[in-house]
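# Overview (structure and organization)
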Amino acid sequence: MDCCFSLTGFLHLSVYGKGNTFLEGHLDISESSLSDQWRSLSFCPSHSGDDSMEKRLTLSGTPGVGFTVEASQDNGAGLDDPKEFEINERNTVNVFQFIPPKDISKTQLGITVTSNSDVPAYLKVSRNCLDVKDNIRLVDYKGESIRLTFARKGRITLSKASIPSLTDSASWYVGIALNNAAGTTPLNASKTGTLTLTKSFDYSYEKPMFIIVLLPLILGGLFAVWAVYCFKEPHINPFKSICCPATWGEVVTAMWNVMKYHWFAGRPKTFSYITCIVGCVLMVGAFQFVYADWYLMIQEGDRDHCYYNDFCYRVSNSDIPFNLMSSNFAYIVHAFILALSVWYMEAEVLARSEGRKKDFSFSIGYAFAWALLFEGLFSTLYHLCPSKITFQFDTAFMFVISGLIVVVMYNGIEMKNGQEDEGNVGATNFFLVFIVPLYILNYLGSLNHSNEGLIPTAAWAVPLALWCFIIVNWVGYKLYFDDWKSCICKCKREGKCIGLTSGVCIAVLLLCLFAIFDSLPQALLITCIVESVVVTIAKVSCGNCSMREFKGCCKCERRSWKCFFSYIYVLITAVFLGFALVMFLALPTTDKAKTPEESRNKNEECIWLGFFDYHDLWHISSSFALLMGAHLLMYASYTAPS
């Protein structure tokens, strides 16, 4: 209903339902209103079974004031029937009624708004019309509504698991209103756009689940066999492996003996043990935090708590992004494949020569498998409710994986006289000096980067500078160099000075990345990844390692096919890595460094099987890259006898 004054004055209009017992709406216009301005009043449809839907209007105001009233039916919305909306200072809320068809509960319902304006607005869905019309800016624990903020696009998905759940027994109401919670929206702001209701998914999980389990399992197993065939030789016998192969029966027996006598006793496996301990302990606190954040979002109905790709949101029995979480199965499957691969290599060493077994420690290989497993678990947990503050859990084991890459390039996997080299980095030192400070800095950076700005920048900047100084000195101590400049320039001692070079550069790189991403957690993550790549390339390029045999293997005629397959393996690993980085950096579907409405501007529809988005492809492809890369790293870490 719209009203227009012909003179200056004031007017109070009230609308009652039939029987004059329930106030359905009121409109107040001050005496300062201009004659050419319209004021709108929206009221909810009657819940009475009487089709007449009578309304009673009461008017009071300045005597002698003339006005015009225009009444119209409340907007109704149907499936695949786009509705235009306009909201401004005079028409503050648009309310649309949706009467669901009888079969709607068999699918998920996508309630989508799009606009060409960046003005922030609310989208709220409820069974209670008054909750949408009068309380659209509020959230509560009634479980009657779901609300989010949007700029150019947004979507609320109703399903059998949502609160409130999607049923075909009652009407639904969709409200759209301007959002000025931050106090930055101009008073004269307006917004136009389109509301569309569509069926989004019918709970058919068989095909995507079949693919997300079998694809990593079959291809991952194939790549592991491929890697063992191409790269196991230095670990087994660099001189006589071709002449003295072990039978399958001997290898199977050796695998049993490795599990029985070496996994829980015998040679050092501290990297494997401590990686497992850190993952289990950290998981307890992380789960409590993320679950509480998600539960708060569900109970309040405020979807701004969690940064989802709402345009590719698929639920199962709970209101969670089942597709985004299940895509992490690839990490878990590949972790078990990697552990099995390392187990086989260790067993074949034992089968060929028990004395030779004493020269190698596969602890770091198993640590890679544990790290891959926990990366999958923590990524799954993080995507339960992605946000700035929970991002620290997603990156937790990326730090471990990056650090393990540097350590294996420095330590190698061989031991001398059955003992670890005294100059090597021990597992306890690695976690205490490198991983634990990173976790603390990452946590402080997350607090500083959150909307609340819970701690000042100096709270993490000072510890960061101190940690960088300690790392540089620790690396110099481990490398036994008196002249650091000479170490960096001459690249002596089997390429181990690369660690020192990286340690010196870490502070500068961190500052540069922080300036680019404006986020310490992202800067820490990108720095660790870049450093691990640099260390690997430098080790392969200037280290006296087994990669020299790999480069020259084509000179030997009997190894030409193995050489060919080895190069193809490296190429495919690089392709997976490059594809994963493109999915992560160039095609993000959310941006947790921005406001919820700005983040939703990046939301995209599912691109594969109607179930997975670009970020899901990042999970899958990066998991393949880590699985294949781990085999390469163990091979490249071996230093052949001179």
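Residues numbered from 1 in each chain as written. Predicted model: local features only at pLDDT ≥ 70, side-chain atom pairs only at ≥ 80, totals over all residues. Heavy atoms only, no water.

The name recorded for the protein in an unreviewed UniProt entry is SID1 transmembrane family member 2, from Porites lobata. Listed in UniProt under the heading Sequence similarities (unreviewed entry), the comment for the protein reads: "Belongs to the SID1 family." UniProt, in the comment section headed Subcellular location (unreviewed entry), describes the protein in these words: "Membrane". (UniProt positions renumbered as here; feature names shortened; annotations may be inferred.)

Our focus in this paragraph is the nonpolar core. Side chains of nonpolar character tend, in soluble globular proteins, to be buried together. Among the nonpolar cores identified, the biggest contains 111 residues, and Phe-397, Leu-404 and Phe-430 are the most heavily contacted of them. Residue contributions to this core peak at 14 residues, all from helix α10 (residues 391-411). Excluding anything up to four places from it in sequence, Phe-430 contacts Phe-271, Val-400, Gly-403, Leu-404, Val-407, Val-425 and Ile-435. Core analysis: the second largest hydrophobic core is formed by 26 residues, Val-113, Phe-150, Trp-172 and Leu-178 among them. (Core = buried A, V, L, I, M, F, W, Y, C linked by side-chain atoms within 4.5 Å. Buried < 20%, exposed > 50% of the residue type's maximum accessible area, 1.4 Å probe, protein only. Helix = DSSP H or I, 4+ residues; strand = E, 2+ residues; numbered from the N terminus. Contact = heavy atoms within 4.5 Å.)

Inspection of the secondary structure assignment puts Ser-532 in helix α15 (residues 520-542). Of the polar contacts made by the side chain of Ser-532, one reaches the backbone oxygen of Ile-529; its length is 2.7 Å. When sequence neighbours within four positions are dropped, the list of residues in contact with Ser-532 reads Ser-402, Ile-405 and Val-406. (Polar contact = N/O pair within 3.5 Å; in protein donor to acceptor, adjacent residues only side chain to side chain.)

Time to look at the sheet that holds strand β13 (residues 153-158). Strand order in this open sheet of four strands is β8-β15-β10-β13, and the pairing throughout is antiparallel. Both edges of this open sheet fall to β8 (83-87) and β13, since each of them pairs with a single strand only. Neighbour-to-neighbour, the strand axes of the sheet open up by a mean angle of 25°, direction not taken into account. In this structure, β8 lies alongside strand β15 (residues 191-201), joined through five bridges in antiparallel fashion. What sits directly across from Glu-84, in β15, is Thr-194. (Pairing = 2+ DSSP bridges. Axes fitted to C-alpha atoms, helices over the stretch in contact; angles between N-to-C directions.)

Another aspect to go through is a nonpolar patch on the surface. Where nonpolar side chains cluster on the molecular surface, the patch consists of Tyr-229, Trp-561, Phe-564 and Phe-565 and spans about 460 Å² of accessible area. Tracing the sequence through the fold places Trp-561 in helix α17 (residues 560-586). Residue class for Trp-561 comes out exposed when judged on its relative accessible area of 59%. (Patch = residues over 30% accessible without salt bridge, like charges linked within 9 Å, V, L, I, M, F, W, Y side chains within 5 Å. Areas by Shrake-Rupley, 256 points an atom, 1.4 Å probe, with all protein chains shown as cover. Salt bridge = Lys/Arg side-chain N within 4 Å of Asp/Glu carboxyl O.)

Assignment of secondary structure puts Ser-621 in helix α19 (residues 614-636). According to the relative accessible area criterion, Ser-621 is buried, its value standing at 3%.

The next subject is unusual backbone geometry. For the bond running from Ile-163 to Pro-164, omega is 5°, close enough to zero to count as cis. Tracing the sequence through the fold places Pro-164 in the loop between β13 and β14 (172-178). Notably, Asp-80 is not glycine yet its phi reads approximately 55°, a positive angle. Among the secondary structure elements, Asp-80 is positioned in the loop between β7 (75-77) and β8. Unusually for a residue other than glycine, Leu-609 sits at a positive phi of about 65°. If you trace the backbone, Leu-609 turns up in the loop between α18 (596-600) and α19. Looking at Leu-609, the relative accessible area reads 30%, which means it is partly exposed.

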